[in-house]
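Remarks on the overall topology
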Amino acid sequence: MDRFQAISAFARVVESGSFVRAAQRLGMSVSAVSRQVSELESHLDSRLLNRTTRRLSLTESGRVFYERCVQLLSDLEEAEQSAGAGTVRPRGTLRLTCGTTFGERHLAGAVAEFLERYPEMRLDVELSDRTTDLVDEGFDAALRIGAIGSQNLVGRRIGQTRLVCCAAPTYLARHGAPKTPESLSGHACLTYEHLPHKSVWPFRDPDGHDRPVRVAGPVNANHGNFLCAIAVAGAGIVLEPDFVVGPEVRAGRLKPILRKFEPQPASIYLVYPSRRHLSAKVRALAEFLSVRFAIPAWSLDTPKATPRARKRGTAPTAS
């Protein structure tokens with residue numbers, strides 16, 4: 001058994017989620033990839049993958065081994081690049097996951113600019129509002145808002161967002177604008193399914209005291225753009241991130257309310273599995289996005305301007 005080839009095959013199976021896709025990426029037959037993984041398991045005397053007719057998943061031993069394999073392959077790739085070109089250039093495929101709305105509205109433009117900067121890179125992006133297991137599902141990184149997630153993950157802060165309570169001028173003309181968070185109980189509130197407590201909206205008064213309130217209304221949905229469109233039509237009040245409602249507010253289709261009760265801003269992170277070294281491709285993306293989103297185009301308090309990230313090597317260090 002060629003251990004390096006077997007390790008590469010195992011890593012590709014995990015990242016692609018199937019033996020068939022892994023074989024296609026490696027240019028090998030499915031039986032050859034399956035045999036290499038089986039021989040690796042025999043060599044280690046440990047089962048690495050749970051195989052069912054519907055899906056593959058990592059065993060606990062497989063999860064630990066996969067993290068070490070990815071680091072090993074990444075270190076080898078960077079060593080080859082460094083020896084061959086004198087510098088480590090990010091290249092290859094980076095698997096990234098991101099929330100649907102942020103991905104559509106803001107990440108897409110950033111990705112296009114990133115690929116212009118690094119033409120040897122390829123991004124495999126999944127837009128989903130579910131919380132993914134980066135290691136189990138073979139992702140290199142994820143964009144997450146507010147919370148990093150598992151203690152086995154590391155987050156690089158690349159920007160921030162804040163929740164904005166707003167409604168259409170037509171709604172406010174008919175029903176009046178609430179003066180305090182508690183007065184929302186008399187209004188039609190459009191709730192978002194993926195908030196930690198969808199029927200409880202977080203507010204904070206000017207003295208820094210939390211003022212959560214229970215709300216109710218005619219619509220609950222799992223997509224911010226959908227709720228934003230309903231609010232623009234005058235059907236109720238929304239509490240959504242500024243990266244969702246910002247364009248509608250600037251255009252006058254939505255009007256912010258209760259601004260002095262806005263909760264603390266939430267950080268936006270590029271999250272990746274905790275490892276001794278970062279691969280060049282993840283490091284390059286983190287540095288790029290920290291500059292790209294340093295002055296958020298979606299903020300209601302800053303001009304609508306998106307800085308083009310500077311050339312590699314000139315990006316400032318983000319917290």
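Turning to the pattern of salt bridges, a few remarks are in order. Evaluated as defined, the whole model comprises 14 salt bridges. A salt bridge links Asp-210 to Arg-204, with the nearest nitrogen and oxygen atoms 3.2 Å apart. Take Asp-210: its relative accessible area is 55%, and that puts it in the exposed class. Close ionic contact of Arg-253 with Glu-248 constitutes a salt bridge, the shortest N to O distance being 2.5 Å. Accessibility expressed as a relative area gives 41% for Arg-253, which makes it partly exposed. Look at the salt bridges and you will find they share partners, linking Arg-25, Arg-95 and Asp-124 into a network.

Our next topic: the sheet that holds strand β14 (residues 266-273). Overall, mixed pairing links the 5 strands, which are arranged β4-β3-β5-β14-β6 in an open sheet. The open sheet has two edge strands with one neighbour each: β4 (121-127) and β6 (153-161). Shown here is a sheet whose adjacent strand axes are inclined to one another by a mean of 25°, direction ignored. As paired elements, strand β3 (residues 92-98) and β4 share 7 bridges and run parallel to each other. When the sheet's bridge partners are listed, Thr-97 is paired in β4 with Glu-126. Helix α9 (residues 280-292) rests against β3, β4, β5 (141-145), β6 and β14 of the sheet, and its axis sits at about 20° to β6.

What follows covers the side chain of Thr-100. Note that Thr-100 resides in helix α5 (residues 100-117). Contacts of Thr-100, omitting those with residues within four sequence positions, involve Leu-127, Ser-128, Asp-129 and His-223.

Let us now look at helix α1 (residues 3-16). The terminal C-alpha atoms of α1, which comprises 14 residues, lie 20 Å apart, in line with the 20 Å expected from a rise of 1.5 Å per residue. In terms of residue burial, α1 counts as a mostly covered element, since 10 of its 14 residues are buried. Taken together, the buried positions of α1 are occupied by Ala-6, Ile-7, Ser-8, Ala-9, Phe-10, Ala-11, Val-13, Val-14, Glu-15 and Ser-16. One or two residues past the end of α1 sits Gly-17, with phi positive at roughly 85°.

We now examine unusual backbone geometry. One non-glycine residue, Asp-45, lies in the positive phi region at around 55°. Relative to the helices and strands, Asp-45 resides in the loop between α3 (30-44) and β1 (49-51). According to the relative accessible area criterion, Asp-45 is exposed, its value standing at 72%. Backbone geometry places Leu-258, a non-glycine residue, at a positive phi of 55°. When you line up the elements, Leu-258 lands in the loop between β13 (255-256) and β14. With relative accessibility at 9%, the residue Leu-258 sits in the buried group.

Rules of the game
Residues numbered from 1 in each chain as written. Predicted model: local features only at pLDDT ≥ 70, side-chain atom pairs only at ≥ 80, totals over all residues. Heavy atoms only, no water. Salt bridge = Lys/Arg side-chain N within 4 Å of Asp/Glu carboxyl O. Buried < 20%, exposed > 50% of the residue type's maximum accessible area, 1.4 Å probe, protein only. Pairing = 2+ DSSP bridges. Helix = DSSP H or I, 4+ residues; strand = E, 2+ residues; numbered from the N terminus. Axes fitted to C-alpha atoms, helices over the stretch in contact; angles between N-to-C directions. Contact = heavy atoms within 4.5 Å. Expected span 1.5 Å × (residues − 1).

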